[in-house]
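Chains, contacts and geometry: an overview
Residue strings, one per chain:
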Amino acid sequence: MSARRETVLTAVRYGLSLLLLLLLQTVVLPMLPLGIFPNLLLPAVIAVALIEGYEGGMLFALFAGLFGWALGETGFSVLPLFYVTVAFFAGFLSEQFDAGRKWPVFALLNALFCACGGLFTLFRIVATWTGYDLLTVLKDVIWPECLFTYLLSFPISLFFVLLKGRRRQKKH
């Protein structure tokens, strides 16, 4: 298979995966009686950046941020910039470690950026502040959202690793 065709197929796989995550994020999760909405795109951005490096990760992050913002995943307009920044740092660190050491890096980066995502949620709540108690918001919204995002990050990243692994097996 030619390198160009392989690149196009990888882009299509990532695009379809992004569409699936966006549908889960914006259609399925709001219908569940959870009361919180984990961010499914953030772990996907980190996983793709770790797999593809910072250039591929930043491209995926840009599309994830733009489509997530356009589909109403969040009303905060710096989402594409946040995702691209996350992808840059994750991709840069990915190139500093060999493949066997990327999972601990992923776990650490994901925890760090889930906390940053929680801060963005907190800023959105503060921007529309109408009598919320800060401790209640942290306890009932921010902490569960960050924890749920972190826990879902491992199956999401495994999904992207399997996408990449399947392509490598066909290549040989």
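Everything numeric in this text was worked out from a predicted model, so none of it was measured.

1. Considerations on the packing of aromatic side chains
Taken as a whole and judged by the stated rule, the model has 6 aromatic pairs. For the pair Phe63 and Phe67, a centre-to-centre distance of 6.0 Å together with 20 degrees between the ring planes defines the contact as stacked. Linking Phe63 with Phe67, this pair stays in helix H2 (residues 41–70), spanning 4 residues, or about one helical turn. The class of Phe63 is partly exposed, set by a relative accessible area of 41%. Given a relative accessible area of 42%, Phe67 falls into the partly exposed group. Judged by centre distance (6.3 Å) and plane angle (15 degrees), the rings of Phe88 and Phe92 are stacked. Of the two residues, Phe88 and Phe92 are both situated in helix H3 (residues 79–94); the distance of 4 residues between them amounts to about one turn of the helix. Look at Phe88 and you get partly exposed, because its relative accessible area is 33%. Here the aromatic cluster, defined as three or more aromatic residues joined through ring pairs, consists of Tyr54, Phe88, Phe89 and Phe92.

2. Considering the packing of H2 against H3
Relative orientation of the contacting elements H2 and H3 amounts to 175 degrees, with a least axis distance of 8 Å. Relative to H3, H2 is oriented roughly antiparallel. Classifying every residue of the contact of H2 with H3 by side-chain character gives 23 nonpolar, 6 polar and no charged.

Rules of the game
- Residues numbered from 1 in each chain as written.
- Predicted model: local features only at pLDDT ≥ 70, side-chain atom pairs only at ≥ 80, totals over all residues.
- Heavy atoms only, no water.
- Phe/Tyr/Trp six-rings, centres within 6.5 Å; stacked < 30°, edge-to-face > 60°.
- Helix = DSSP H or I, 4+ residues; strand = E, 2+ residues; numbered from the N terminus.
- Buried < 20%, exposed > 50% of the residue type's maximum accessible area, 1.4 Å probe, protein only.
- Axes fitted to C-alpha atoms, helices over the stretch in contact; angles between N-to-C directions.
- Parallel < 35°, antiparallel > 145°, perpendicular 65-115°, else oblique.
- Nonpolar A, V, L, I, M, F, W, Y, C, P; charged D, E, K, R; others polar.

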